[in-house]
Amino acid sequence: MPVGAPAPQASLLTVDGVTLQYGTRSVVVRATYRVSFEVRRGDRFILLGPSGCGKSTLLKAVGGYLAPTEGEIRLHGEVIRRPNPDRMMVFQEFDQLLPWKTVLQNVMFPMIVKRKLRASEAKDRAMAYIVKVGLKEFANAYPHTLSGGMKQRVAIARGMAMEPDILLMDEPFAALDALTRRRMQEELLQLWGGTNFTLMFVTHSIQEAVILGNRILVLSPHPGQVRAELRGVKDFHADGGPLVERIHQLLFPGTETTGGH
Ligand SMILES: Nc1ncnc2c1ncn2[C@@H]1O[C@H](COP(=O)(O)OP(=O)(O)OP(=O)(O)O)[C@@H](O)[C@H]1O
């Protein structure tokens, strides 16, 4: 390495030749085939691909919920074998909160169960993240009184409050209306700007991938294989169009872009 050159960023997460499949004795469904990539600290890493290409399955495997049949997934060089609070997951579904607990109690819950923080410490940290996602006034509200977007903010605060090495998000905004989705994307970028956490985000929206990602892994249809890895654009509004078009051509060669969704 030349003197004075910046040190290459070490990989936080390595996905190395990973094949994932579901199976009973008679039928095997292959979800991904020999997928490899690396996520570095502070990345907003997007898994993008058509429905059924294995994005959620890959995220579950990074979460430790599913073991590869081939290849390895490593975090800090250690093979992932089970779920752990160093990887927190935010899902698409609005019902991922405990309905009998308030916003504050929901955010505190994993910290108390998994991190064994004292209640007072967990409470302070939970409130700090509830404030970050703009829900201070709703700390004592129950989930059924919140909108879909607010529930997703709570789920994000709950994941972030654990201060995981990597936050895994599986289409967290897909069930929201278009305007709320757009707002949540901006808010997520702002949150990232404030803390620089590492994010791995699954979507099948090209536009969402380009807005959110600094790196975008494009997967081919079922079973998912890496089609391309692209660098994101710094300012989506200024120059996102060409990247949207390029990804569209990778996924749907020879067809016209129709707005990116
Ligand atoms: N629990 C399961 N049992 C058997 N097959 C499954 C299971 N979950 C997913 N699959 C299959 O694995 C493949 C990949 O599914 P996965 O949900 O990972 O795709 P995806 O890219 O996230 O799709 P979507 O965008 O529609 O959520 C699909 O063929 C799916 O039918």
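The rules behind the values
- Residues numbered from 1 in each chain as written.
- Predicted model: local features only at pLDDT ≥ 70, side-chain atom pairs only at ≥ 80, totals over all residues.
- Helix = DSSP H or I, 4+ residues; strand = E, 2+ residues; numbered from the N terminus.
- Buried ≥ 20, exposed ≤ 12 C-beta atoms within 10 Å, placed from the backbone.
- Contact = placed C-beta atoms within 7 Å.
- Domains from an automatic or database assignment.
- Near = placed C-beta within 6 Å.
- Nonpolar A, V, L, I, M, F, W, Y, C, P; charged D, E, K, R; others polar.
- Axes fitted to C-alpha atoms, helices over the stretch in contact; angles between N-to-C directions.
- Parallel < 35°, antiparallel > 145°, perpendicular 65-115°, else oblique.
- Left-handed = near helix turned anticlockwise from the far one by under 90°.
- Pairing = 2+ DSSP bridges.

**A word on the environment of Thr 257**
Next up, step 1: Tracing the backbone through its elements, the reader meets Thr 257 in the segment after helix 7 (236–251).
Next up, step 2: Judged by local crowding, Thr 257 falls into the partly exposed class, with 15 C-beta atoms found within 10 Å.
Next up, step 3: Linking Thr 257 and Ala 174, residues 83 residues apart in sequence, is a C-alpha distance of 20 Å.
Next up, step 4: Discounting residues that sit within four places of it in the chain, Thr 257 has contacts with Val 244, Glu 245 and His 248.

**A word on the domain arrangement of the protein chain**
Next up, step 1: Entries for the protein chain in the domain assignment read domain 1 (10–86 + 166–176 + 196–261) and domain 2 (88–163).
Next up, step 2: Taking only C-alpha atoms, the centre of domain 1 and the centre of domain 2 are 26 Å apart.
Next up, step 3: Counting from both sides, the interface comprises 13 residues of domain 1 and, opposite them, 15 residues of domain 2.
Next up, step 4: For the side of domain 1 that touches domain 2, the element with the most residues is strand 7 (residues 166–170), which contributes 4 residues.

**Quick notes on the site of the ligand**
Next up, step 1: Around the ligand, a shell composed of 13 residues is seen, among which Tyr 22, Ser 51, Lys 55, Ser 56 and Thr 57 lie nearest.
Next up, step 2: The dominant element in the shell around the ligand, judged by the number of residues it contributes, is helix 1 (residues 55–63), at 3 residues.
Next up, step 3: Here the shell around the ligand is composed, by residue class, of 4 nonpolar, 8 polar and 1 charged.

**Considering the packing of helix 2 (residues 103–114) against helix 3 (residues 119–132)**
Packed helices, taken two at a time, are described by the angle between their axes plus the distance between the axes.
Next up, step 1: With their axes 9 Å apart at the nearest point, helix 2 and helix 3 run at an angle of 125 degrees to one another. Judged by the inter-axis angle, helix 2 sits oblique to helix 3. Every pair of crossing elements has a handedness; the one defined by helix 2 and helix 3 is right-handed. On helix 3, the residues touching Val 103, Leu 104, Val 107, Met 108, Met 111 and Ile 112 of helix 2 are Ala 119, Ala 122, Lys 123, Arg 125, Ala 126, Met 127, Tyr 129 and Ile 130.
Next up, step 2: Residue composition of the contact of helix 2 with helix 3, by class: 12 nonpolar, no polar and 2 charged.

**Concerning the sheet that holds strand 6 (residues 87–90)**
Picture the strands of a sheet paired through backbone hydrogen bonds; they go either parallel or antiparallel.
Next up, step 1: On the basis of which strands lie adjacent, the open sheet formed by 6 strands has the order 6-7-8-3-9-10 and mixed pairing. Each of the sheet's edge strands pairs with one partner strand only, and the pair in question is strand 6 and strand 10 (226–231). Strand-to-strand, the axes of this sheet are offset by a mean angle of 20 degrees, without reference to chain direction.
Next up, step 2: Of the strand pairs in this sheet, strand 7 and strand 8 (residues 199–203) are connected by 4 bridges, and their pairing is parallel. Paired with Leu 167 across the strands is Leu 199, a residue of strand 8.
Next up, step 3: Its contacts with the sheet place helix 4 (residues 148–161) against strand 6 and strand 7, and it is angled at close to 180 degrees to strand 6.

**As for unusual backbone geometry**
Next up, step 1: In the segment running from His 222 into Pro 223, the intervening peptide bond is cis, with an omega of -10 degrees.
Next up, step 2: Tracing the sequence through the fold places Pro 223 in the loop between strand 9 (215–219) and strand 10.
Next up, step 3: The backbone phi angle of His 76 is positive, close to 50 degrees, even though this residue is not glycine.
Next up, step 4: As for its placement among the helices and strands, His 76 is situated in the loop between strand 4 (70–75) and strand 5 (78–79).
Next up, step 5: Given 11 C-beta atoms within a 10 Å radius, His 76 is considered exposed.
Next up, step 6: One non-glycine residue, Glu 171, lies in positive phi territory at about 45 degrees.
Next up, step 7: Positionally, Glu 171 belongs in the loop between strand 7 and helix 5 (178–195).

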